[in-house]
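# Coordinate inspection notes
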Amino acid sequence: MAKHKIFCILGRSASGKSTIAKEVAKQLGLTVVKSYTTRPPRPCETADNSDHIFITSDQVDQYKSQMKAYTEINGYSYFVTKDILDSSDIYVIDPSGLMMLQKQEYDVCPIYISVDREIGLQRAIERGDDATAWEQRYEAENGQFSLFEDWIDTGFGCYVINNNGNFKFTIEKVKEIINVAKN
């Protein structure tokens with residue numbers, strides 16, 4: 001039996017990964033994982049427009065037996081369950097979650113969306129993030145992403161797309177990768 005293929009979109013905060021994942025899924029008729037998190041919603045983020053299902057930290061334990069990928073960033077939990085993953089095609093994930101997911105029964109195709117720090121900060125501010133909070137998240141991600149970027153440089157099997165410029169170009173590149181990898 002063939003393994004279920006999951007396209008994992010990775011990138012630092014405000015790299016555009018969620019926007020790209022949603023648009024690619026829309027254009028290709030795919031489903032994006034809606035993962036669980038204990039972080040509070042961002043300004044203008046609702047249950048309908050978010051990548052996440054918001055829960056309290058007290059609720060995390062009830063999902064432990066079903067978790068397929070888990071990570072913590074700035075003290076908040078992020079995870080996905082088997083049921084959600086099995087009915088999805090694209091997963092916006094961080095390097096720790098990816099490493100855990102690769103040990104599971106899925107065919108994982110990582111796609112890294114890179115962006116310069118200054119551009120990421122500007123995008124975060126435009127979406128309503130507090131600049132100081134974004135800087136803290138960026139620093140918290142730094143350990144994971146620095147190691148991950150080193151792995152990429154040593155031949156770790158991952159597609160890399162720079163998203164400093166045009167979103168449409170990046171979306172087309174991700175669609176191209178997915179279409180080739182699906183066949």
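### Observations concerning the packing of aromatic side chains
Taken as a whole, this structure holds nine aromatic pairs when the rule is applied. Geometrically, the ring pair formed by Trp 134 and Tyr 138 is tilted, given 5.1 Å between the ring centres and 35° between the ring planes. With Trp 134 and Tyr 138 both in helix H5 (residues 131-153) and four residues apart, this pair spans about one turn of that helix. For the pair Phe 145 and Phe 148, a centre-to-centre distance of 6.5 Å together with 85° between the ring planes defines the contact as edge-to-face. Residue Phe 145 and its partner Phe 148 are located together in helix H5, separated by three residues, close to a single helical turn. One aromatic cluster is present, built from ring pairs that chain together Tyr 36, Tyr 63, Tyr 70 and Phe 79.

### Considering the pattern of salt bridges
Throughout the structure, instances matching the rule amount to 15 salt bridges. In this structure, the salt-bridge partner of Glu 45 is Arg 39, at a minimum N-O distance of 2.8 Å. Accessibility assignment for this pair places Glu 45 and Arg 39 in one class, buried. For the salt bridge of Glu 141 with Arg 137, the shortest nitrogen-to-oxygen distance reads 3.3 Å. Here Glu 141 pairs with Arg 137, and both are found in helix H5, just four residues apart, close to one helical turn. A single network of salt bridges, built from pairs that share partners, joins Lys 68, Lys 82, Asp 86 and Glu 105.

### As for helix H1 (residues 17-28)
Each full turn of the α-helix corresponds to 3.6 residues, which orients residues three or four apart in the same direction. Here H1 contains 12 residues, and its C-alpha end-to-end distance of 16 Å stays within 8% of the 16 Å for a straight helix at 1.5 Å per residue. The inward-facing, buried residues of H1 abut strand S1 (4-10), strand S6 (90-92), strand S7 (106-114) and helix H6 (167-182). Positive backbone phi, at 70°, marks Gly 29, one or two positions downstream of H1.

Conventions we followed
- Residues numbered from 1 in each chain as written.
- Predicted model: local features only at pLDDT ≥ 70, side-chain atom pairs only at ≥ 80, totals over all residues.
- Heavy atoms only, no water.
- Phe/Tyr/Trp six-rings, centres within 6.5 Å; stacked < 30°, edge-to-face > 60°.
- Helix = DSSP H or I, 4+ residues; strand = E, 2+ residues; numbered from the N terminus.
- Salt bridge = Lys/Arg side-chain N within 4 Å of Asp/Glu carboxyl O.
- Buried < 20%, exposed > 50% of the residue type's maximum accessible area, 1.4 Å probe, protein only.
- Expected span 1.5 Å × (residues − 1).
- Contact = heavy atoms within 4.5 Å.

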